[in-house]
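# Summary of the model geometry
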Amino acid sequence: MVYRLVRVVLVVPLFRWLLRLRVEGMEHLPKTGPAVIAGNHLSFCDQFLTVAVTKRKLTYLCKQEYFTGRGIKGALTRGFFRSCGQIPVDRSGKDAGQAGVEAGLKVLRSGELLGIFPEGTRSHDGRMYKGKVGVAAMALRAGAPVIPCAVIGTFEAQPAGRRLPRPTPLTIRFGAPLNFSRYAGMEESREILRAVTDEIMYAIMKLSEQEYIDRYAAEVKAEAKTQTPSAGHNRPNATLPNQQPVTVDAPN
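Since the structure is predicted, the reported quantities are computational estimates derived from the model, not experimental observations.

### Some points on the overall build of the protein
- Each helix and strand in the protein was counted, giving eight helices and nine strands.
- Looking at the 252 residues of the protein, the share that counts as buried comes to 47%.
- For the protein, restricting intrachain contacts to residue pairs at least 6 apart in sequence, the fraction spanning at least 24 positions comes to 79%.
- A total of about 13,300 Å² of accessible surface is found on the protein, and carbon and sulfur atoms cover 53% of it.

Encoded structure:
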């Protein structure tokens, strides 16, 4: 009840009307059953865009910091995220990835929609970065299709550090479902997980038309903080993930 109230009264008006949101590919969203909605990540408001346009309840895995703030601001932030149905995930420690996968599987096994940003963090420069394999692990273990999703314009509307989005035309674009049933029972193979993740990232990239960097965003961000910009500074090599579904032999 609270989720529907917040969505209709606050989230939908803000993102769909104020920001002139255009939506494409709604026919690709399943009306029933579990599915993973995997998208690019350019701004804080990305996850709320998909919540605003998705009629079914959509649950995102969020960093735990959004739920641990103190004071009035912390309480308001925590209440907002909880009312939107979001789940906190502890991203620290060696078991953080597995905790996120288990939390996502719980949502999918309940027959609901799960939202995830495979890059793991917001892009700091508007480009798309290498996806982490957690999205593949959840899709394969739950037997759920993956709906690629691209948000366009949010990097300009609300870059990092800006509290409220500026009025900017935005587009959210859903692609055709990706079915990975051919890999059933192979979710323990690192090669399979990498192949599935790359296929998902390629589908998102085609929708968003972003430049792709075959490195993890967190690594590039960390390097950028320790380097002094110069005219001769080289950018990371830009390559595309595999353009065709990758076939990897099953492990012996």
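Continuing now.
### Concerning the pattern of salt bridges
- Considering all chains together, one arrives at eight salt bridges under this definition.
- One salt bridge connects Glu211 with Arg127, and the closest N-O pair in it is separated by 3.8 Å. Of this pair, Glu211 sits in the loop between α7 (190-208) and β9 (212-213) while Arg127 sits in the loop between β5 (113-116) and β6 (128-129); the two residues are 84 residues apart in sequence, bridging distant segments of the chain.
- The salt bridge partner of Glu199 is Arg182, with a shortest N-O separation of 2.8 Å. Separated by 17 residues along the polypeptide, Glu199 in helix α7 and Arg182 in the loop between β8 (170-174) and α7 bring together distant segments of the chain.
- In this structure, a network of salt bridges that share partners links the residues Arg22, Glu24 and Arg173.

### Here we look at the environment of Ala136
- The residue Ala136 is located in helix α5 (residues 134-142) in this model.
- When its relative accessible area of 0% is taken as the criterion, Ala136 is described as buried.
- For the pair Ala136 and Ala195, spaced 59 residues apart in sequence, the C-alpha to C-alpha distance is 8.7 Å.
- Non-local contacts of Ala136, meaning those with residues more than four positions away in its chain, are made with Leu193, Val196 and Thr197.

### Looking at the sheet that holds strand β7 (residues 146-152)
- Spatial ordering of the open sheet is given by β1-β8-β7-β2-β5-β3-β4, a layout of seven strands whose pairing is mixed. Here the strands that pair on one side only, and so sit at the sheet edges, are β1 (21-24) and β4 (87-89). Within the sheet, the average angular offset between the axes of one strand and its neighbour, ignoring direction, is 25°.
- Against the sheet, helix α2 (residues 46-53) makes contact with β1, β3 (58-63), β7 and β8, and its axis sits at roughly 70° relative to β8, the strand it touches most.
- Running over the sheet, α5 touches β2 (35-39), β3, β5 and β7 and is turned about 165° from β5.

### Focus: the pairing of β5
- The alternating pattern of β5 places Leu113 and Gly115 on one face and Leu114 and Ile116 on the opposite face, and all of these are buried.
- Strand direction decides the pairing type here: β3 and β5, joined by three bridges, are parallel. Across the sheet, residue Tyr60 finds its bridge partner in β5, namely Gly115.

### Focus: unusual backbone geometry
- A positive phi angle is found at Glu209, which is not glycine, with a value near 60°.
- The residue Glu209 is located in the loop between α7 and β9 in this model.

### Points about α2
- Here α2 lies mainly inside the structure; eight of its eight residues are buried.
- Three or more residues of α2 are buried, namely Asp46, Gln47, Phe48, Leu49, Thr50, Val51, Ala52 and Val53.

### Quick notes on the pairing of β7
- Taking burial as the measure, the seven residues of β7 include six buried ones, the bulk of the element.
- One ladder, built from four bridges, connects β2 with β7; its direction is parallel. Across the sheet, Ile37 pairs through a bridge with Ile147, a residue of β7.
- Looking at chain direction, β7 and β8 are connected through four bridges and run antiparallel. What sits directly across from Ile152, in β8, is Thr171.

### A word on the packing of aromatic side chains
- Using the criterion set out here, one finds one aromatic pair in the structure.
- Measuring from centroid to centroid gives 5.2 Å for Tyr60 and Phe117, while their planes differ by 25°, and the two rings are stacked. You can see Tyr60 sitting in strand β3 and its partner Phe117 sitting in the loop between β5 and β6, a full 57 residues away along the chain.
- Assessed through its relative accessible area of 14%, Phe117 is described here as buried.

Parameters at a glance
Residue positions within a chain follow its written sequence, with the count starting from 1. Local features in this predicted model are restricted to residues of pLDDT 70 or higher, and side-chain atom pairs are both shown and tallied only at a pLDDT of 80 or more, whereas totals for entire chains, interfaces and linings draw on every residue. Computation of side-chain values: all heavy atoms of the structure, hydrogens and water removed. Segments assigned H or I by DSSP are reported as helices when at least four residues long, segments assigned E as strands when at least two residues long, and all are numbered from the N terminus. Only protein chains enter the accessibility calculation, which uses a 1.4 Å probe; a residue whose area is less than 20% of its type maximum is buried, one above 50% is exposed, and one in between is partly exposed. Whether two residues are in contact is decided by their heavy atoms, any of which lying within 4.5 Å being enough. For every accessible area listed, the method is Shrake-Rupley and the probe measures 1.4 Å; residues are considered covered only by the protein chains on display. Whenever Lys or Arg places a side-chain nitrogen within 4 Å of a carboxyl oxygen from Asp or Glu, that contact is recorded as a salt bridge. Strands are labelled as partners when DSSP assigns at least two bridges between them. Only C-alpha atoms enter the line fits that serve as axes; for helices the fit covers just the stretch in contact. Angles between N-to-C directions range over 0 to 180 degrees. Aromatic pairing here means that ring centres of Phe, Tyr or Trp (its six-membered ring) are within 6.5 Å. Orientation follows from the plane angle: under 30 degrees is stacked, over 60 is edge-to-face, and everything else is tilted.

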